[in-house]
Amino acid sequence: MDRPKIPVNLILASLAADAEEAKHRLEKAKDVLLGPLDTDIGATPYDLVYQEDRVRLKYYRPETARLKTPLLLVHGLFNRETLLDLQPDRSIVLKLLQEGLEVYVVDWGSPTRRDQFLTLDDHINGYLDNIVDFIRHRHGVPKVSLMGVCLGGTFAVIYAALHPEKIRNLITTAAPTHFDTPKGLLHIWLKEIDVDRLVDAFGNLPGNLVNTAFLLMNPPRLFLDKYLGFLENMDSKEFVENFIRMEKWIFDSPDVPGETVRQLLKDLYQDNRLVHNQMELEGRRVDLSQITMPLLNIYGRYDHLVPPEACEVLTKSVGSRDCQDICLDTGHIGIYVSARFQKEIVPTIAAWLREREG
Amino acid sequence: MNPSHAKMHCEIFLLTTGLRTGKVLVLPGWDSEASMAQEFSRTTGSEPLLAAWIKWTMDFWDTMAQMGPGLDRVSEADGGSPPGDAWLSSLHLWQAFFSLLTEPGTVAAVFQGIRAPAEIVLRMAQAGWGGYFQLHRQWLEGWAGNGTPGETDDFAGLEREIFKICTDLYESDFRRLLNMPHLRLTGLTQERLNQATDKFNQFQAAMGEFISMLYLPVKKSLRAMTGVGGMGREENPPEDFKEYYKGWLKILEGHYMTLFQSAEYARTLVQTLTALQDFTMAKDALMAEAMEALSLPSRRDLDDLYREMYILKKSLKEISKKLDRTEPSQEPC
C-alpha cells in the first residue's frame, strides 16, 4: 500500500535555516512588546453630545465644514463603532473629516440584562429617531445624511423607509437586505437556529457567542494564519500596534438585546421579510419603495459575512431613481480598514454627497 | 454492605484505577496484612464474588464490542484499520485486563495482598501500553494521512458511531438515573442539580462531536497534501516551507468551506447550541432555587423587574414625546 509521509525532515531543515533570523526577530520583538505601544482605538477626538439610556452620540468636528448636511454613521449591534476609527492612518471618520464633513457616530453601548426587552422598534423608531431629531434640531436642517455599516446599514434602510422625510442621502456599506442566499455562511446557519429557544435561554445574545460564530467562519485564517502572521512580524512596532488594535475590536463584541435579536433573526435571516416589504415594526410596515432619497450601496466582492448577493438587491427594491452600486474587490472588514479602499472609497462618498448637496 | 465488603470493593477499585494509569500500586498495609487478606477471603467467601464480578464485567465489555456493528466492518477491504479501531482497542484492552483477572491464581493473588503481583502487573501494564501504543499509532497515521480513521470518512458519516454509542449509553443508563423521580423529602434542589448535571453531560457530548467535526478538515487537508501529486510527498518535496504552508492553508480553507456549507455541520451546530441552551436553562433553574433559599432575588425576579421598568419607561417616553417635551438626558452632555 502506498504510504506517503509528510517530509518532516525537510520542514525541520527549513526551520533550522530560519532559526538565526528568528532569533534576531525575537530579540527585536522583545523590545517592541515590552516597550511603549499605542494601541488605542477610536482615538480621533470627539464630543459626546447626546445620551439616552446606554446609547450615546459622538460628534466629530472637521477643521472646516464644507457640507451643510451632517452625516450620521450607524454601526450594527454585534460589534463596536470603533471599527470606523480603528487607527489614525486608517480611520474612516478622520478621512471624512478631512473631506469637510460634520460626522456623528452612534455608540450603542454595552447592553446589560435590563436591556433584554428592547425591541428593534425601540432601536430604530426610538433611539435612532431621537438622534436624528437631535441632529436636525442642532444644525437647523430638515434632513441628515445617513450612512449604515453592516447590520447598521440594514437599520439605516429600515429607518429611511419609515422616516424618508428626515433623510437626505442614504449610504449603505456591506449592509445585508436580502437574506435568502446560500452564499453567506451566516445566512445558512441562522436558518436552522431555534431563535425563541436561543433568546429564552440567554436573555441577551452573549457577545462571546457572537464572536465565536464569527471566528468559526474561517478557522484556518482566524485561529492560525493570523497569529502566525503576528509571530512573523512582531518585531515591527507598527504592525504590533495595529494588530492589537484589531484584536481589541474583534474580541469586543457586546451582548445584543434579546428581543431585538429575536426579530432580527426571525424576520430577516429566516423569513427574509425586508426585501419583500413584509417586515413590521410595532405595526408599521417597512416599505422599501418609500426610500426615494439618493442611495449609494457599497459592498465587498469577497465578503464572506455579507456576500454581494445579500446587498445588491437593495438598489432594485427601493423607490429612488438615484441609486448606485459600488462593488469593491475586498472582504467585509477590508472596506473599512484597508488603506487602499479607504483612499478610494472615502473620497468617492464625499464627492457623491457633495454632488447631492444642492 | 458490611465493612469487609466495602473494603474489598475499595481495594478492587484502587487496583483497577492504578493499572489503568500504568502505575504500580503500593497499597499501604497490604504486605503486612497478607495473612489478614487470606483470612478475609476465606471468611467472606469473596473469591467467588470477585470472580462473578469479573465475569460480569467481561460480559459487559464483550457486549460493548458488539454494540457498534459498523465499527469492525468499515474499510477493512483496503487493508486499513476500521474507523472504530480506537474504540475497539479500548474494549480489547479492558477485555484483556479482565480476562487476566479470571485466570487461575489471579484472584487468589489479589487477595494475597499483592505480595507477588509483579507478573500480573507487568502483564497488565503490557496490555495497557499495547493498547495505548495502538491508539497512538493510529493517531499519528491519521495525521500523516495514511491512517484509517478518515479513509472512508466524509462530512456526512464520519466516525460518529463513537459519539452515538457514547450518547446511547449515556441516554440508556446514566441519564435515566439522573432523571429518576425524587421523593419530596429529598427536596427539589437535588432534582435540579441532577437536571443540570444531565444537561451538562449532554452539552459535553454535543460539544465533543462538534469539535471532532471541526477537526476533520485538518485531517483531510493533510491527506490531500500527501496524496498523489501532493506537495508533501517524498518524491515531490516542497522547496519552500512557506509555500508548502500556504498550499496547505488553501486546501484547509476549501475543506472548511465545504464542511460549513454541509447540512451535517448545520445539524451538529444546532444540536450543540441547543445543548448549550438546555444546560444554561437548567443551571439557571438550579441557581434560582439556591438564591431563593438564601432569600436573594433570582435572575427571574430581576427579569420581571426589568420588564416592568422597560414597559414603564417606554410609556413615559411616549407620553413625553406626545407632550413635545425633551427629556433631561437629551441635553448636550
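Keep in mind it's a predicted model, so treat the numbers as computed, not measured.

Reading the values: rules and limits
Residues numbered from 1 in each chain as written. Chains lettered and ligands numbered in written order. Predicted model: local features only at pLDDT ≥ 70, side-chain atom pairs only at ≥ 80, totals over all residues. Heavy atoms only, no water. Helix = DSSP H or I, 4+ residues; strand = E, 2+ residues; numbered from the N terminus. Rg over C-alpha atoms; globule rule 2.2 N^0.38 Å. Buried < 20%, exposed > 50% of the residue type's maximum accessible area, 1.4 Å probe, protein only. Contact = heavy atoms within 4.5 Å. Areas by Shrake-Rupley, 256 points an atom, 1.4 Å probe, with all protein chains shown as cover. Lys, Arg positive; Asp, Glu negative; His and termini not counted. Charge placed at Lys NZ, Arg CZ, Asp CG, Glu CD. Salt bridge = Lys/Arg side-chain N within 4 Å of Asp/Glu carboxyl O. Expected span 1.5 Å × (residues − 1). Core = buried A, V, L, I, M, F, W, Y, C linked by side-chain atoms within 4.5 Å. Patch = residues over 30% accessible without salt bridge, like charges linked within 9 Å, V, L, I, M, F, W, Y side chains within 5 Å. Pairing = 2+ DSSP bridges. Arc of directions from axis to C-beta. Polar contact = N/O pair within 3.5 Å; in protein donor to acceptor, adjacent residues only side chain to side chain. Axes fitted to C-alpha atoms, helices over the stretch in contact; angles between N-to-C directions. Phe/Tyr/Trp six-rings, centres within 6.5 Å; stacked < 30°, edge-to-face > 60°. Disulfide = S-S within 2.5 Å. Left-handed = near helix turned anticlockwise from the far one by under 90°. Nonpolar A, V, L, I, M, F, W, Y, C, P; charged D, E, K, R; others polar. Parallel < 35°, antiparallel > 145°, perpendicular 65-115°, else oblique.

A. Expanded view of the overall build of chain A. Helix and strand counts for chain A come out as 14 helices and 12 strands. What you see for chain A is a C-alpha radius of gyration of 22 Å, in line with the 21 Å of a compact globule of 358 residues. With respect to the three principal axes, the spread of C-alpha positions in chain A is 70 × 55 × 40 Å. Out of the 358 residues in chain A, the part that is buried amounts to 60%. In chain A, 79% of the contacts between residues at least 6 apart in sequence involve partners at least 24 apart. Of the roughly 14500 Å² that chain A leaves accessible, carbon and sulfur atoms contribute 51%. When the 42 basic and 52 acidic side-chain charges of chain A are each reduced to a single mean position, those positions are 2 Å apart.

B. Quick peek at the pattern of salt bridges. Scanning all chains against the criterion turns up 38 salt bridges over all chains. Here the residues in one salt-bridge network are D129(A), D133(A), R136(A), K166(A) and K321(B), joined through shared partners.

C. Seen up close, helix α11 (residues 299-322) of chain B. The terminal C-alpha atoms of α11(B) lie 34 Å apart, and with 24 residues this matches the ideal 34 Å at 1.5 Å per residue to within 8%. Looking at the buried residues of α11(B), the elements they touch are β1 (47-52) and α3 (120-139) of chain A.

D. Up close: the nonpolar core. Ranked by size, the top nonpolar core spans 134 residues in total, and within it L57(A), L72(A) and Y265(B) carry the most contacts. Sequence-distant contacts of L57(A), that is, excluding residues within four places in its chain, are made with D47(A), L48(A), V49(A), Y50(A), L72(A), Y104(A), V105(A), V106(A), I131(A), F134(A) and I135(A). By size, the runner-up hydrophobic cluster in this structure holds 6 residues, among which are V32(A), M234(A), V240(A) and F243(A).

E. A look at a negative patch on the surface. A cluster of like negative charges, contributed by E292(B), D301(B), D304(B) and E308(B), occupies part of the molecular surface. Tallying contributions element by element places α11(B) first for the negative patch, with 3 residues.

F. Quick peek at the pairing of strand β11 (residues 295-300) of chain A. Residues and elements named next belong to chain A. Of all 6 residues in β11, 6 are buried; the element is thus mostly enclosed. Of the two faces of β11, the one carrying L295, N297 and Y299 and the one carrying L296, I298 and G300 are both buried. Of the pairings in the sheet, the one linking strand β8 (residues 167-173) to β11 comprises 4 bridges and is parallel in character. Pairing of T172 across the sheet is with N297, part of β11. As paired strands, β11 and strand β12 (residues 323-328) are joined by 6 bridges and run parallel to one another. Of the residues in β12, the one forming a bridge with Y299 is C327.

G. Region of the structure containing a nonpolar patch on the surface. Residue and element names in this part refer to chain B. Side chains of F174, L177 and M180 sit close together on the surface and give an oily, nonpolar patch of about 330 Å² of accessible area. One can find L177 in helix α7 (residues 160-178). Under the relative-accessibility criterion, L177 is labelled exposed at 55%.

H. Quick peek at helix α7 (residues 207-215) of chain A. Residue and element names in this part refer to chain A. The complete set of buried residues in α7 reads G207, V210, N211, F214 and L215. For α7, the arc enclosing every buried residue in end-on projection is 135°, short of the 170-degree limit, so these residues lie on one face. Turning to α7, the residues buried within the fold contact α5 (185-192), α8 (219-233) and α9 (237-250).

I. Quick peek at the environment of T154(A). Residue and element names in this part refer to chain A. Within the secondary structure, T154 sits in helix α4 (residues 151-162). In this structure T154 comes out as buried when scored by relative accessible area, which is 0%. T154 sits 110 residues away from L264 along the chain, and the two C-alpha atoms are 10.0 Å apart. What T154 contacts, discounting residues up to four positions off in sequence, is A175, P176, F179, L268 and L274.

J. Region of interest: the side chain of T272(B). Residues and elements named next belong to chain B. Tracing the backbone through its elements, the reader meets T272 in helix α10 (residues 263-293). Among the polar contacts listed, one links the side chain of T272 to the backbone oxygen of T268, at a separation of 2.7 Å. Setting aside residues no more than four positions away along its own chain, T272 makes contact with F203, A206, M207 and F210.

K. The arrangement of the sheet that holds β11(A) in detail. All names here are of chain A. Strand order in this open sheet of 8 strands is β1-β2-β6-β3-β7-β8-β11-β12, and the pairing throughout is mixed. Looking along the sheet, the strands with just one partner apiece sit at the ends: β1 and β12. Ignoring strand direction, the axes of neighbouring strands in this sheet form an average angle of 20°.

L. Main features of the packing of aromatic side chains. All names here are of chain B. Within this structure, the stated rule accounts for 17 aromatic pairs over all chains. Plain terms: the ring middles of F210 and Y265 are 5.7 Å apart, the flat faces sit at 40° to each other, and that makes the pair tilted. A residue pair is termed long-range when its members are at least 10 positions apart, and F210 in helix α8 (residues 187-226) and Y265 in helix α10 qualify at 55 residues. Judged on exposure class, the residue F210 and its partner Y265 are both buried.

M. Here's a closer look at the state of the cysteines. Applying the stated criterion to the full structure yields 0 disulfides over all chains. Distance from the sulfur of C327(A), which forms no disulfide, to the nearest cysteine sulfur (C311(A)) is 8.6 Å.

N. Fine view of the packing of α5(A) against helix α10 (residues 258-270) of chain A. All names here are of chain A. Close contact between α5 and α10 brings their axes to 10 Å; oriented N to C, the two are set at 115°. Where α5 crosses over α10, the handedness of that crossing is left-handed. For the pair α5 and α10, the contacting residues are L186, H187, L190 and K191 in the first and L265, Y269 and Q270 in the second. When the residues that make up the contact of α5 with α10 are grouped by side-chain class, the tally is 4 nonpolar, 2 polar and 1 charged.

O. Examining the packing of helix α6 (residues 195-202) of chain A against α10(A) more closely. All names here are of chain A. Where α6 meets α10, the axes come as close as 9 Å, and the angle between the chain directions of the two elements is 165°. Regarding the angle of α6 to α10, the classification is roughly antiparallel. Considering the relative orientation of α6 and α10, their crossing is right-handed. Between α6 and α10, the residues in contact are V195, D196, L198, V199 and D200 and G258, E259, V261, R262, L265, K266 and Q270, respectively. Class assignment for the residues of the contact of α6 with α10 results in 5 nonpolar, 2 polar and 5 charged.

P. Broad picture of the pairing of β1(A). Residue and element names in this part refer to chain A. Sheet analysis places β1 next to strand β2 (residues 55-60), joined by 5 bridges and oriented antiparallel. From the neighbouring strand, Y50 faces β2, where its bridge partner is L57. The turn linking β1 back onto β2 is made up of 2 residues, and D53 within it adopts a positive phi angle of 55°.

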